[in-house]
Protein chains: 2
Amino acid sequence: MRSFALLLLFSLTISVVISANTTVDFSYSGPTGPLFWDTLPGSSEICRVGKHQSPIDISLEGFTNTGKCADHKKEKVLKVKFHDAHNVEATNTGNTVEISKEGGLPANLTLKSGKYELAQFHFHTPSEHRVGGVHSDVEAHFVFKTKEANPKISVVAVFYNVGKEENKFLKPIIETLPLKEKESKDIDFIKLSSVLSDINFLDGAYTYSGSLTTPPCTEGVTWWVSKPAQTLSSCQFHSLREVTGFNSRFTQLRSDVC
Amino acid sequence: MRSFALLLLFSLTISVVISANTTVDFSYSGPTGPLFWDTLPGSSEICRVGKHQSPIDISLEGFTNTGKCADHKKEKVLKVKFHDAHNVEATNTGNTVEISKEGGLPANLTLKSGKYELAQFHFHTPSEHRVGGVHSDVEAHFVFKTKEANPKISVVAVFYNVGKEENKFLKPIIETLPLKEKESKDIDFIKLSSVLSDINFLDGAYTYSGSLTTPPCTEGVTWWVSKPAQTLSSCQFHSLREVTGFNSRFTQLRSDVC
């Protein structure tokens, strides 16, 4: 009986580990590209049939809450904090560079629906969201999750465009890019707090309910898209894009957003 | 009888004029976006069902004709000439900026299939073709046509990336951008010849048979994609992108190209 219980425990442990590590093998072109994400093992048909998918093309009125977009903004940020972080990890996932930290990154977001902790952030080139039909060079996604077993998700999106100035926040990340798929590198320090002040504490961000922009395209994600683009130098941009490549999902058909 | 013949001639003239001016009302997001181009009035189901569509993601081996791509290059440029041009016109089509000249631009391309004249060139941001999964900031399409009633089409694609230097060829174009839809502006002089030397007279360009990347997605287009990207300044890039916006079709599923 005891050996059966041990076997059961062992099997359960194995299956949980397998399930936690399951990721969808997707890409941004060819038969595993965005048009076929709904068919990939581990993904979901929501990628094709979902009615609340991301990213979207946001109208200029969306940010000003005027005209047809008046009173569109339903969510409110009750509290948001980004603390600086030591000893974080940059991982090349094959589709992006993801920054995380064992035990979580020191940032949180409080909405009416609960308190969200920053699980990771990563980059898309070019941007996934557009503003009035125009994309940015880079879009960073700061992915927050609640602590429930089936966590709620909220993502803060920040745009970056090439300009004359280097970006100080991105500097240690771009100087430590993991070039090979699955490779990870340690970064001593990132000034996460500067991101929050750069985007003016999410005042003026466009908020809507959408989805993950990668398989399995899970819906119910509360998005916060900050409009003013930050600057990075052309050298920084090209270094990042050499690793991330084209990793931007096409904008989704939505009639319920501004 | 004579008045009937005149009426017939008049009707035919009207219908030819209407047909020549018919353009498809398409865009890059929402219900007139790339996923729905096959359904638009004046477009073609080829946009969805065509087996030789463009753009594509070209492998690095595609340019070197090595490995599985050996002997892929079937077309040859017999002759190519780009002469400088005076008094050209820049038009904002609503989806791009198109440069043309009454009577045609002074450039031509001779292939085995015939002699092609430069009808117009225009810009996509970000690039439509990718190289090894990576896009460029801008892709210019130089559209050549034969003089037949039902002309054959060949397009030369040139990439541009943001860097420190201004682009001299693009300078007069970007300084004269028509900002409003349907607006046209005159440009005194463009140094078209510099484009051809910049791309090394198409030596090393990747060639394949594809389609127009906009509706009606006509196939049978001979593409010449030049790999080395030219440089433009971040100011030039942002000025252009403010007008063109996101106007890049997603890469198409092709198993017959490298």
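Residues numbered from 1 in each chain as written. Chains lettered and ligands numbered in written order. Predicted model: local features only at pLDDT ≥ 70, side-chain atom pairs only at ≥ 80, totals over all residues. Heavy atoms only, no water.

- Looking at an unreviewed UniProt entry, chain A carries the name carbonic anhydrase, with the source organism given as Acaulospora morrowiae.
- Turning to chain A, the UniProt record has this under Sequence similarities (unreviewed entry): "Belongs to the alpha-carbonic anhydrase family."
- A UniProt comment under Catalytic activity (unreviewed entry) is attached to chain A, and it reads "hydrogencarbonate + H(+) = CO2 + H2O". (UniProt positions renumbered as here; feature names shortened; annotations may be inferred.)

**A look at the state of the cysteines**
Residue and element names in this part refer to chain A.
Then step 1. Taken as a whole and assessed by the stated rule, the structure comprises four disulfides over all chains.
Then step 2. What pairs with C47 in a disulfide is C217, and their sulfur atoms sit 2.0 Å apart. One quick way to see it: the torsion about the S-S bond of C47 and C217 is about 95 degrees, and its sign makes the bridge right-handed. Placement of C47 in helix α2 (residues 46-49) and of C217 in the loop between β11 (206-211) and β12 (219-233) is noted, with a sequence separation of 170 residues between them.
Then step 3. The connectivity of the disulfides in chain A is 1-3, 2-4, where the numbers refer to bonded cysteines in sequence order. (Disulfide = S-S within 2.5 Å. Helix = DSSP H or I, 4+ residues; strand = E, 2+ residues; numbered from the N terminus.)

**A few points about the relation of the copies chain A and chain B**
Then step 1. With an RMSD of 0.0 Å, the operation that places chain A on chain B is a rotation of 180 degrees combined with a shift of 0.0 Å along the axis. On the angle and the small slide along the axis, the relation comes out as a two-fold axis.
Then step 2. By residue overlap, the copies meet face to face through one surface: 100% of the interface positions of chain A are interface positions in chain B. (Least-squares fit on C-alpha atoms with pLDDT ≥ 70 in both. Contact = heavy atoms within 4.5 Å.)

**Points about the interface of chain A and chain B**
Then step 1. Contacts between chain A and chain B engage 28 residues on the former and 28 residues on the latter.
Then step 2. In total, about 2300 Å² of surface goes out of reach between chain A and chain B, with carbon and sulfur atoms giving 60% of it.
Then step 3. When the buried area of chain A at its contact with chain B is split by residue, H135(A), R241(A) and F246(A) rank highest and sum to 26% of it.
Then step 4. Taken together, the connections running from chain A to chain B amount to two salt bridges. (Buried area = accessible area lost by both parts, 1.4 Å probe. Salt bridge = Lys/Arg side-chain N within 4 Å of Asp/Glu carboxyl O.)

**Observations regarding the pairing of strand β8 (residues 138-145) of chain B**
Residues and elements named next belong to chain B.
Then step 1. Of all eight residues that make up β8, seven are buried, and the element is covered over most of its length.
Then step 2. The pairing of strand β6 (residues 114-124) with β8 spans seven bridges and is classified as antiparallel. Looking across to β8, one finds that L118 is bridged to F144.
Then step 3. Direction of pairing for β8 relative to strand β9 (residues 153-163): antiparallel, over a ladder of eight bridges. For F144, the partnering residue across the bridge sits in β9 and is S154. (Buried < 20%, exposed > 50% of the residue type's maximum accessible area, 1.4 Å probe, protein only. Pairing = 2+ DSSP bridges.)

**Digging into the side chain of T176(A)**
Then step 1. Residue placement: T176(A) occurs in the loop between α4 (171-174) and β10 (184-190).
Then step 2. Apart from residues no more than four positions distant in its own chain, T176(A) is found in contact with A90(A), K185(A), D186(A) and I187(A).

**Considering helix α6 (residues 234-244) of chain B**
Then step 1. Residues S234(B), Q236(B), F237(B), L240(B), R241(B), V243(B) and T244(B) constitute the buried set of α6(B).
Then step 2. Backbone geometry just downstream of α6(B) places G245(B) in the positive-phi region, at approximately 60 degrees.

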